[in-house]
Amino acid sequence: MTDTARGTSRRYGTRPTMKDVAARAGVGLKTVSRVVNGEPGVTPDTERRVQEAITSLGFRRNDSARILRKGRTASIGLVLEDLADPFYGPLNRAVEEVARRHGALLINGSSAEDPAREQELVLALCARRVDGLVIIPAGDDHRYLEPEITAGIATVFVDRPAGRIEADAVLSDNFGGARDAVAHLIAHGHRRIGFIGDQPRIHTARERLRGYHSAMAAAGLPVDDSWVSLGSTAPDRVRAATTTMLDAPTPVTAVFAGNNRVTVTAVRVLRERPRPVALVGFDDFELADLVRPAITVVAQDPAHMGRTAAGLLFRRLDGIEDPPRSTEIPTRLIARGSGEIPPSES
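Residues numbered from 1 in each chain as written. Predicted model: local features only at pLDDT ≥ 70, side-chain atom pairs only at ≥ 80, totals over all residues. Heavy atoms only, no water.

## So, the environment of Phe-175
In this fold, Phe-175 is placed in helix 8 (residues 174–187). In this view, Phe-175 contacts Glu-207, Arg-210, Gly-211 and Ser-214; residues no more than four positions away in its chain are not counted. (Helix = DSSP H or I, 4+ residues; strand = E, 2+ residues; numbered from the N terminus. Contact = heavy atoms within 4.5 Å.)

## Focus: empty space enclosed by the protein
On inspection of all chains with the given rule, the structure shows 1 cavity of 30 Å³ or more. For the largest cavity, the calculated volume is near 150 Å³. Taken together, 19 residues line the largest cavity, and the ones lying closest to its centre are Thr-204, Arg-208, Asn-259, Arg-261 and Asp-283. Elements supplying a minimum of two residues to the lining of the largest cavity: strand 7 (193–197), helix 9 (203–218) and helix 11 (260–271). If you tally residues by element for the lining of the largest cavity, the top one is helix 9, at 3 residues. Tallied by class, residues from the lining of the largest cavity come to 5 nonpolar, 6 polar and 8 charged. Counting contributing residues, the lining of the largest cavity receives three or more from each of domain 2 (73–172 + 303–329) and domain 3 (174–301). (1 Å grid on protein atoms, 1.4 Å probe; cavity = no way out; pocket = protein on both sides within 12 Å on 5 of 7 lines; lining within 4 Å. Points joined across faces, edges and corners; volume = space filled by probe spheres on them. Nonpolar A, V, L, I, M, F, W, Y, C, P; charged D, E, K, R; others polar. Domains from an automatic or database assignment.)

## A short note on the domain arrangement of the chain
Each domain of the chain was delimited in the assignment, giving domain 1 (18–61), domain 2 (73–172 + 303–329) and domain 3 (174–301). Distance from the C-alpha centre of domain 1 to the C-alpha centre of domain 3: 57 Å.

## With respect to unusual backbone geometry
In this structure, the amide linkage connecting Arg-292 to the following residue, Pro-293, adopts the cis form with an omega of -5°. For Pro-293, the location among the structural elements is in the loop between strand 10 (278–282) and strand 11 (296–299). For Ala-112, which is not a glycine, the phi torsion comes out positive at approximately 55°. Mapped onto the secondary structure, Ala-112 falls in the loop between strand 3 (105–110) and helix 6 (115–127). Of note, the phi angle at Glu-113 is positive, near 60°, even though the residue is not glycine. Of note, Glu-113 is situated in the loop between strand 3 and helix 6. Take Glu-113: its relative accessible area is 25%, and that puts it in the partly exposed class. (Buried < 20%, exposed > 50% of the residue type's maximum accessible area, 1.4 Å probe, protein only.)

In structure tokens form, the structure reads like this:
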């Protein structure tokens, strides 16, 4: 595991309150409450001063106070990409375990791979005064979070880095894992290797593509444009891409699948082919060791990623003010059979 620190330090857990706004604006607490809640009885000049203080301090209304007036339990928000993806189950449990040990409540939700939904969900959690956020980002521009981070909400990104801001991140070694997968296929005699990956806007897809190209270049092997297909992981799209590569005049003899959803569809396609085709998938998945041949994979460690991210989040909340850092978690190639099939020439 490697850490890279960058950027400037911030202090977390010191978000401004209505008392701070009242002091800055030179008004009473009740006046601030009226402005924040849109109630009448405030002159335009006073409202302007309060709004200026709110903007200057980065104050955010505590929506949860309307729900719970007695006591306070620390809370952490976890924003996942897709709750149905098996990759996120162990990650979610790991974050929850760390939160529980710190006496905190975990609130999670799914962005459904939609950047607008991600922003809506994150800001809703901030409005409810969560103490910190763990985010698997769907978007690539997180400047909307800068006021929240400045106001004291500790934030750690997982699986993909933040876009256009400096923030803590816990990532898998996507480049190294992909490079190892393709090198493994090359070591078993393959020279025409296809890569089917996720949307090119996604950081992990780009890094895995980079690893694919690196391994091919290191072996002195050319890459035909028709051997690479990035896009939706929907079964129809992946099936079409796999079929095109296998039915080309000079077909690929091996496929490197960019994530578990791609791998599952590729397995179904390859089972229908008359000749065996080697397959390595990025991400392990349930039953991968039970199909025949069992599926060779590059395994990530989502539980380790979740524990690392949550641990870093709570260290931030405890007052650690180091610059934002990137932590990389190694991957592991598990050879089970499908990646060891030799080339079958047409």
